[in-house]
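# Structural features, examined
Chain residues, written in single-letter form:
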Amino acid sequence: MILVVAQQSATVPIPVPGSASDLLPHFLLEPEDVYIVKNKPVTLACKATPATQIYFKCNGEWVHQGDHIIQRSTDKGTGLPLMEVRIDISRQQVEKIFGLEEYWCQCVAWSSSGTTKSQKAYVRIAYLRKNFEQEPVAKEVSIEQGIVLPCRPPEGIPPAEVEWLRNEELLDPTLDPNFYITLEHSLVVKQARLADTGNYTCVAKNIVARRRSSPAAVTVYVNGGWSTWTDWSACSTTCGRGWQKRSRSCTNPTPLNGGAFCEGQNVQKSSCATLCPVPGGWSAWSLWSECGADCTHWRSRECSDPVPRNGGEECQGPELETRNCTSELCTHGTGGSEDVALYVGLIAVAVCLVLLLLVVTLVYCRKKEGLDSDVADSSILTAGFQPVSIKPTKADNSHLLTIQPDLSTTTMTYQGSLCPRQDGPSKFQLGNGHLLSPLGSGRHTLHHSSPSADPVDFVSRFSTQSFFRSLPRGGANMAYGTFNFLGGRLMIPNTGVSLLIPPDAIPRGKIYEIYLTLHKQEDVRLPLAGCQTLLSPIVSCGPPGVLLTRPVILAMDHCVEPNPETWSLRLKKQSCEGTWEDVLHLGEPVPSELYHCQLEPQACYIFTEQLGRFGLVGESLSMAASKRLKLVLFAPTTCSGLEYDVRVYCLSDTRDALKEIPFYHLWSGLQPYLHCTFTLERLSTSTCQLACKIWIWQVEGDGQSFNIDFNIAKDARFSDWLPPDHEAGSPALVGPSAFKIPFLIRQKIISSLDAPGVRGADWRALAQKLHLDSHLSFFASKPSPTAMILNLWEARHFPNGNLNQLAAAVAEVGKQDSSLFMVSEAEC
């Protein structure tokens, strides 16, 4: 090996210093990276000035002098010698060192002042293998569904470029924004259209070859949908029993490309009955009357045998018949007796009419008095909404919460809790049951009192009533209020727990007192199995069993890092029997009819049409599942001895967690969240500055450190860390004050976007603008999808939502109606 190097080195002559210049040579042309295609050699070239000699060195060895093609000239501008050298590299030369290292070459130029080396140029053998590492596969997808066609091209040098063909025509994502190609060369169709049906081919190419994958057939199908029912046809018979039918067709839309046909019947039949016409018939003639003063008598008959009905013909012929009764030998007398009978009959009719009028008036007054006296619990519950008619109660009225509030005579808005909070001796405690019990059978009447009446007396009058005892009131972990069809909002301050009651969620004519409770985990136990863990607080809203016509939205914090590959998340609800049931599996393709959840990084928003007790539970699927925790350190604010205790608590990373540590748990007794306690000892009581570092780490996991540096002589109170009371907000908001969007503007947005628009300018586009397009199927299942979107916006952005941003999103949808966000002062 040494001998070969010596022989090769001997082939390079020693350059003789020239006298043209004392400058070091610099390269005007340096060799560049090249690829050998098949068996064609490549040429490397370099040019330098001033240069007396130039030679190539490849992989550390000099190239033989005879392999150089040298061309000498003089630079016309400077007069310095100019030298250009070329060499050819064959495939065999590169393959000799294949697998050991890459083949490279560089130029070395000499002048009288020294040498200069060029950059290295790498010579690689270009190739492109035949087989794709992953080819696209055929797919059948529903219209508007996303499509991903994977493609991993064959291995090659240089790496292959990828392009896609549809039916042998090149796809250009710049011309059709519905397509884009990922960095991994997969083709993504954002929303499948009927025109996207075809054969898709992945093409990989470089300087060596061009490879085509097997074509993947993509079929975009449309499932059929029923049209609306036609009107019922006329009954098949005109008299008696028959049948009638109505029909519908599977054309809304028509199934295409193998889409499923509509399920169900296209024709419905129903029995019908048409009343047969009955023609009238004459009854028998009556007896002849006595002979009258005019020498005639008469007889009559009625069309009542039978009476004509159902369109039957009336009787034909006269109903009264007269004839002479004296054989025309008549003597006329006085008619005084007949006149007296006529007058007596008229007087009797007048007396009967007067008596009937008196009876009707008496009945009307009694009914009106009965209606005005029905002031049940609903009168008490709606005292903040409406004026109340004050009447004595009646014992025989048993219906509750059925009087529709009269909202037309007042514009007052109730905000906050209905029960005044008193601190004097008259303060009373209310029951704190876990769910609202049904109202008792007793009656509760609101008697008249002037507005200046003492509120303590008002409360004391009703503190013993059963409807107050049935509500779970009291405590900082609860909010309650009275609501009607205008809706409202309940919030538990500083916990992230709230309940949004949208407009029309409560049926018109109904008034509910609704509560919201945040439970302590030691009071309510949710059974967990296996790798399950509680990820949210346990929250109750009620009363359960009330009728809701729209979903309400329950908001609460969670402490999970959501990832469908590491977590299986479920919403649990406690049944009436006390057992916990899974009511929603987040991420499942089959949605629930009663529940839906919008999961965000810090909070979750639960749509529910049934009130009750809820909790979010997760089951870890791998070791990568992570749950956010926070560590809270407590220590005495003052210390008179030499020992100083520091306690570390491990809590869920939710805003309600700190509320679960009562003060007496910190310094006495046991507490399940206490992780560890450190006892520090100081040498002197005059030492007040504490500086230390606490390390915390998870078994087989990461760790963190906390630097503690504070003066125990200073009065640092825990209450200073919490928001002040005036920042907490009102726990109950009723009516329009509970919403950011004015009611009239909300109704205009709903009526504008619920109907399908041209070019998709409807509620679907608004959902995409607000990044809610993953819930389109849930919104579409509701009577008003736009109302669901606005309700979720209210729950997420209250009270700091930006209406201007929402207005801009609606305008971008394409409904630029200048009057959409404008209402008159009178309307507001």
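Residues numbered from 1 in each chain as written. Predicted model: local features only at pLDDT ≥ 70, side-chain atom pairs only at ≥ 80, totals over all residues. Heavy atoms only, no water.

### Comments concerning the overall build of the protein chain
Test applied: Working definition: helices are DSSP H or I runs of at least four residues, strands are E runs of at least two. Numbering for both runs from the N terminus. Exposed residues in this analysis have more than 50% of their type's maximum accessible area, buried residues have under 20%, and partly exposed residues fall in between, with area computed by a 1.4 Å probe over protein chains only. Throughout, a contact is declared for two residues whenever any of their heavy atoms are within 4.5 Å. Only the protein chains shown count as cover for residues, and the accessible areas themselves come from Shrake-Rupley with a 1.4 Å probe.
From N to C terminus, the protein chain includes 13 helices and 42 strands. Relative to its full complement of 828 residues, the protein chain shows a buried share of 36%. Of the contacts formed within the protein chain by residues at least 6 apart in sequence, a portion of 66% connects residues at least 24 apart. By element, 54% of the accessible surface of the protein chain is carried by carbon and sulfur atoms, the whole surface being about 48600 Å².

### Brief notes about the pattern of salt bridges
Stated precisely, the cut-off is as follows: For salt bridges, the criterion is a side-chain nitrogen of Lys or Arg within 4 Å of an Asp or Glu carboxyl oxygen.
By the definition in use, this model includes 24 salt bridges. Note that R508 and D504 form a salt bridge whose closest N and O atoms lie 3.5 Å from each other. Of the charged contacts in the structure, one is a salt bridge between K572 and D582, with a shortest N-O distance of 2.6 Å. Of this pair, K572 sits in strand β32 (residues 567-574) while D582 sits in strand β33 (residues 580-585), and the two are 10 residues apart along the sequence. Relative accessible area serves as the criterion here: at 8%, K572 is assigned to the buried category. Taken together, the salt bridges that share partners define one network made up of R166, D176, R193 and D196.

### Considerations on the sheet that holds strand β12 (residues 147-149)
Inclusion rule: A pair of strands is labelled paired if DSSP reports no fewer than 2 bridges between them. Every axis corresponds to a line fitted to the C-alpha atoms, with the helix fit spanning only the stretch in contact, and the corresponding angles, defined between N-to-C directions, vary from 0 to 180 degrees.
The antiparallel open sheet is built from 3 strands, whose spatial order is β12-β17-β16. For this open sheet the edge positions go to β12 and β16 (179-181), each flanked by a neighbour on one side alone. Neighbour to neighbour, the strand axes of the sheet diverge by 20° on average, direction disregarded. Here β16 runs beside strand β17 (residues 187-189); their pairing, made up of 3 bridges, is antiparallel. Directly across from F179, in β17, lies its bridge partner V189.

### Here we look at the environment of T326
Looking at where T326 falls in the secondary structure, it is placed in the loop between β24 (320-324) and α3 (336-372). The sequence separation of T326 and T296 amounts to 30 residues, and the corresponding C-alpha distance is 7.6 Å. The residues contacting T326, other than those within four sequence positions of it, are C291 and C295.

### Quick notes on the nonpolar core
Basically, it comes down to this: Buried Ala, Val, Leu, Ile, Met, Phe, Trp, Tyr and Cys residues form a nonpolar core when they are joined through side-chain atoms within 4.5 Å.
Counting 38 residues, the largest nonpolar core has L490, L499, I501, I514 and L516 as the members making the most contacts within it. When residues in this core are grouped by element, the largest group, 4 residues, is from strand β28 (residues 512-519). When residues no more than four places from it in sequence are discounted, the contact partners of L499 are G488, R489, L490, I514, L516, C541, V552, I553 and L554. Listed in part, the 36 residues of the second largest apolar core include L733, L753, L772 and M788.

### A short note on helix α12 (residues 785-797)
For an α-helix the count is 3.6 residues per turn, leaving residues at separations of three or four pointing the same way. Counted only if it meets this: To estimate how far a helix should extend, the number of its residues minus one is multiplied by 1.5 Å.
Compared with an ideal rise of 1.5 Å per residue, which puts 13 residues at 18 Å, α12 spans 19 Å between its outermost C-alpha atoms and is within 8% of the ideal. The buried fraction of α12 is high, at 11 of 13 residues. Of all the positions in α12, only P785, T786, A787, M788, I789, L790, N791, L792, W793, E794 and A795 are classed as buried.

### A word on the pairing of strand β30 (residues 538-542)
Most of β30 sits out of view: 5 of its 5 residues are buried. Side chains of β30 alternate between two faces, with I538, S540 and G542 and V539 and C541 buried alike.

### Some thoughts on the side chain of K572
Just so we agree on the cut-off: Counting of polar contacts relies on pairs of N or O atoms within 3.5 Å, with two restrictions inside protein: one atom must be capable of donating a hydrogen and the other of accepting it, and residues adjacent in sequence are counted only when both atoms are side-chain atoms.
Reaching out from K572, the side chain makes a polar contact with the side chain of D582 at a distance of 2.6 Å. Once you skip the residues sitting within four places of it in the chain, K572 turns out to touch L526, Q532, W580, E581, D582, R613, F614, G615 and V617.

### Some points on the side chain of T495
Mapping T495 onto the fold places it in the loop between β26 (488-492) and β27 (497-501). Looking at T495, its side chain comes within polar contact range of the main-chain oxygen of I492, at 2.6 Å. Among the polar contacts listed, one links the side chain of T495 to the backbone nitrogen of V497, at a separation of 3.2 Å.

### What about unusual backbone geometry?
Note that the residue after N252, namely P253, is joined by a cis bond; omega there is 0°. Among the secondary structure elements, P253 is positioned in the loop between β21 (240-247) and β22 (267-274). Note the cis peptide between G542 and P543, where omega equals 10°. Along the chain, P543 turns up in the loop between β30 and β31 (552-557). Positive phi, normally seen in glycine, also occurs at E144, with a value near 70°. Following the sequence through the fold, E144 ends up in the loop between β11 (139-142) and β12. A relative accessible area of 54% means that E144 is categorised as exposed. One non-glycine residue, N167, adopts positive backbone phi at about 55°. Its location among the elements puts N167 in the loop between β14 (161-166) and β15 (169-170). Note on N167: relative accessible area 43%, which makes it partly exposed.

### Points about the state of the cysteines
Each disulfide is one covalent bond, formed between the sulfur atoms of two cysteines. Here is the rule: Any two cysteine sulfur atoms lying within 2.5 Å of each other are counted as a disulfide.
By the definition in use, this model includes 8 disulfides. With a sulfur-sulfur separation of 2.0 Å, C58 is cross-linked through a disulfide to C105. The chirality of the disulfide connecting C58 with C105 is right-handed, given an S-S dihedral of about 110°. Here C58, found in strand β4 (residues 53-58), pairs with C105, found in strand β8 (residues 103-111); they are 47 residues apart in sequence, far enough to count as distant. Taken individually, C58 and C105 each receive the classification buried, so the pair is uniform in this respect. For C235, the disulfide goes to C272, at an S-S distance of 1.9 Å. Taking the torsion about the sulfur-sulfur bond, which here is approximately 85°, the covalent link between C235 and C272 counts as right-handed.

### Here we look at the sheet that holds strand β6 (residues 69-74)
One open sheet accounts for 4 strands, arranged β1-β3-β7-β6; its pairing is antiparallel. The open sheet has two edge strands with one neighbour each: β1 (26-29) and β6. Averaged over all adjacent pairs, the angle separating strand axes in this sheet is 25°, with direction ignored. Looking at chain direction, β6 and strand β7 (residues 81-89) are connected through 6 bridges and run antiparallel. In the strand pairing of β7, I70 is matched with V85.

### Let's talk about helix α13 (residues 803-813)
This is how the line gets drawn: To obtain the arc, one takes the directions from the helix axis to the C-beta atoms.
Restricting attention to buried positions, one finds in α13 the residues L806, A807, A809, V810 and V813. The buried residues of α13 all sit within an arc of 160° when viewed along its axis, so they share a single face. For α13, the exposed residues lying more than 90 degrees away from the buried face are N804, Q805 and E812. Against α9 (743-753), α10 (763-769) and α12 lie the buried residues of α13.

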